[in-house]
Amino acid sequence: MTDSSIQVSTNAAMSARLATLNNSFESAAAQNVTAYLEQTGSLENFTLTERQAMVKLEQLKLIGDLTLAEIMLRGQVIHEIESQGLWTTHPAGFRSMEEAAESQGISQSEYSNIRDLCETIFPYLTGQGYNIADLWESIGKSKFRELIPILKRTIVNEPSRSDRIEQIFTNEMNNIAATAAASGEEVTDEEARTILIDQLLEAGSLPVRELRQRIRPERTPSIEGYMLPYRNRRSLVMVIINEDQREMLNRRLSGYIDLTPVSQDDVQRSPTFRDLANYLRGA
């Protein structure tokens, strides 16, 4: 049982509002369950305990809307910060918006996902008549995250930096064109991309394992890595990765590894890279 005395936000007023919001979710869940049972004429078919269980699971589902709200609100704030260049005027002296976001607990992969969803994917799907809340409820955060790269590739119609995504897109588009031709029809590129998006969203209802088999037909190659001795009995690890391998690293080691892009100036200033250069020179 969750301890209600635990403060869920560093702001006391916000913490109190969130506790109240949870009660609202329970009330809404009870209304949904009652309405469904009355509509189907099955209200009397379940015991009080069974109905209570249905309400709690409905409440659990509704709370998932907070995840979508978090993404939408963060996307809005990120847009405001970027459009006004506010990260450049922050006293912390951030070198990029990604660094500023990371200082607030948003990893680079999460930052990228928020931007892709809020700036590209959600607006497009809304324009196509999709209800984002319904999609989010049926697909869920983890599977939506799996779909982001191929959805973005299909929507913007620009080559992906990921060879895997590009291969999936090409194969799927060829399959759609072949299916249409077999029926004596022709599809334009735009029509085929619309069909592909519908198919991808439909695949989002599959279990995670089956979805990954659909959009990850080939295993990502193992990462090539090198380990060098470093100071204080530590090691310096270097890996050579492509876009797919970087995505796999972020997914598998999220919370355990932070991959920070560095510029040539950063390299020249960093004592770690100076040590590496000396090691490679045999100094």
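Residues numbered from 1 in each chain as written. Predicted model: local features only at pLDDT ≥ 70, side-chain atom pairs only at ≥ 80, totals over all residues. Heavy atoms only, no water.

## A look at the confidence of the model for the protein
Counted only if it meets this: Summary of the metric used: pLDDT quantifies the predictor's per-residue confidence within the range 0 to 100. Working definition: helices are DSSP H or I runs of at least four residues, strands are E runs of at least two. Numbering for both runs from the N terminus.
When the pLDDT values of the protein are averaged, the result is 85; 92% of them are 70 or greater. In the model of the protein, helix H12 (residues 243-252) stands out as the element of lowest mean pLDDT, 72, in contrast to helix H10 (residues 189-203), which has the highest, 95.

## Quick notes on the packing of aromatic side chains
Keep this limit in mind: Each aromatic pair joins two rings of Phe, Tyr and Trp (for Trp, the six-membered one) with centres within 6.5 Å, and gets the label stacked for planes under 30 degrees apart, edge-to-face for over 60, and tilted for any other angle. Whether a residue is buried, partly exposed or exposed follows from its accessible area with a 1.4 Å probe, protein chains only, as a fraction of its type maximum: under 20%, in between, or over 50%, in that order.
Taken as a whole and assessed by the stated rule, the structure comprises three aromatic pairs. Ring geometry for Phe122 against Trp136: centres 6.3 Å apart, planes inclined by 80°, an arrangement best described as edge-to-face. On the criterion of sequence distance, the pair formed by Phe122 in helix H6 (residues 108-127) and Trp136 in helix H7 (residues 132-139) is long-range, its members being 14 residues apart. Owing to a relative accessible area of 6%, Trp136 belongs among the buried residues under this scheme. A relative accessible area of 3% places Phe122 in the buried class. An aromatic cluster of three or more residues is present, and its members are Phe122, Trp136 and Phe144.

## With respect to the nonpolar core
What counts is decided by this rule: To qualify as a nonpolar core, a set must consist of buried Ala, Val, Leu, Ile, Met, Phe, Trp, Tyr and Cys residues joined through side-chain atoms within 4.5 Å. Note on definitions: a residue-residue contact is assigned when non-hydrogen atoms from the two residues lie within 4.5 Å.
Residues Leu117, Ile121, Phe122, Leu125, Phe144, Leu147 and Leu151 are the most contacted members of the largest nonpolar core, which totals 38 residues. A per-element tally of this core places H6 first, with seven residues. When neighbours within four sequence positions are excluded, Leu147 is seen to be in contact with Ile139, Leu200, Gly204, Leu211 and Ile215. In terms of nonpolar packing, the next biggest core, distinct from the first, is built from six residues, Phe25, Leu37, Val55 and Leu62 among them.

## A closer look at helix H8 (residues 141-156)
To keep it simple, the criterion reads: What a helix is expected to span follows from its residue count: subtract one and scale by 1.5 Å. Two axes enter the definition of the bend at a residue: one is fitted to the seven residues ending there, the other to the seven starting there, and the bend is the angle between them.
The terminal C-alpha atoms of H8 lie 21 Å apart, and with 16 residues this matches the ideal 22 Å at 1.5 Å per residue to within 8%. Along H8, the helix axis deviates most sharply at Ile148, where the bend reaches about 45°; the proline Pro149 sits within four residues downstream. Within H8, burial applies to Lys143, Phe144, Glu146, Leu147, Ile148, Ile150, Leu151, Arg153, Thr154 and Ile155. Asn157, located one to two residues past H8, shows a positive phi value of around 55°.

## Some points on the side chain of Glu146
Put simply, the test is: For the purposes of these results, a polar contact is taken to be a pair of N or O atoms within 3.5 Å, where, inside protein, one atom must be able to donate a hydrogen and its partner to accept one; residues adjacent in sequence count only when each atom of the pair is a side-chain atom.
Tracing the backbone through its elements, the reader meets Glu146 in helix H8. For Glu146, a relative accessible area of 7% puts it in the buried group. At 2.7 Å, the side chain of Glu146 forms a polar contact with the side chain of Arg212.

## Some remarks on the pairing of strand S2 (residues 235-240)
Counted only if it meets this: For two strands to be treated as a pair, DSSP must find at least two bridges joining them.
With six bridges connecting them, strand S1 (residues 224-229) and S2 associate as antiparallel partners. Its bridge partner lying in S2, Glu224 is registered against Ile240. If you look at the hairpin formed by S1 and S2, you'll find five residues sitting between the two strands, and Asn232 has a positive phi there, around 55°.

## Side note on a nonpolar patch on the surface
What counts here: Each patch is assembled from residues with relative accessible area greater than 30% and no salt bridge, linking like charges that lie within 9 Å and nonpolar side chains (Val, Leu, Ile, Met, Phe, Trp, Tyr) that lie within 5 Å. Note on areas: Shrake-Rupley with a 1.4 Å probe; residue coverage comes only from the protein chains shown. Should a side-chain nitrogen of Lys or Arg be within 4 Å of a carboxyl oxygen of Asp or Glu, the pair is scored as a salt bridge.
On the surface, a nonpolar cluster with roughly 280 Å² of combined accessible area is contributed by Met14, Leu18, Leu21 and Leu66. The element best represented in the nonpolar patch is helix H1 (residues 12-39), accounting for three residues. Take Leu66: it is sitting in helix H3 (residues 65-83). Residue Leu66 is classed as partly exposed on the basis of its relative accessible area of 35%.

## Concerning the pattern of salt bridges
Enumeration over the complete set of coordinates arrives at twelve salt bridges. Two residues, Glu70 and Arg74, come together in a salt bridge whose shortest N-O distance is 2.9 Å. In this pair, Glu70 and Arg74 both sit in helix H3, four residues apart, roughly one turn of the helix. Owing to a relative accessible area of 33%, Glu70 belongs among the partly exposed residues under this scheme. Among the ionic contacts, a cluster of salt bridges with common partners joins Glu58, Lys61 and Glu137.

## Notes on the packing of H7 against H8
The axes of two packed helices give the description: the angle between them and the distance between them. Stated formally: In this analysis, axes come from line fits to C-alpha atoms, helices being fitted only over the stretch in contact, and the angle between any two N-to-C directions falls in the range 0 to 180 degrees. Reported orientations rely on four angle classes, namely roughly parallel under 35 degrees, roughly antiparallel over 145, roughly perpendicular from 65 to 115, and oblique for the rest.
Between H7 and H8, whose axes approach to 7 Å, the crossing angle comes to 105°. As judged from the angle between their axes, H7 and H8 are roughly perpendicular. From H7, Leu135, Trp136, Ser138 and Ile139 reach across to H8, where they touch Lys141, Lys143, Phe144 and Leu147.

## Observations concerning helix H9 (residues 163-182)
Selection criterion: The reported arc concerns the directions from the helix axis to the C-beta atoms and nothing else.
Its 20 residues place the ends of H9 28 Å apart at the C-alpha level, agreeing with the 28 Å of an ideal helix rising 1.5 Å per residue. Turning to H9, its buried residues number three or more, namely Arg164, Ile165, Ile168, Phe169, Glu172, Met173, Ile176 and Ala180. Seen along its axis, H9 keeps its buried residues to an arc of 155°; they face one direction. In H9, those exposed residues whose orientation departs by more than 90 degrees from the buried face are Asp163, Ala181 and Ala182.

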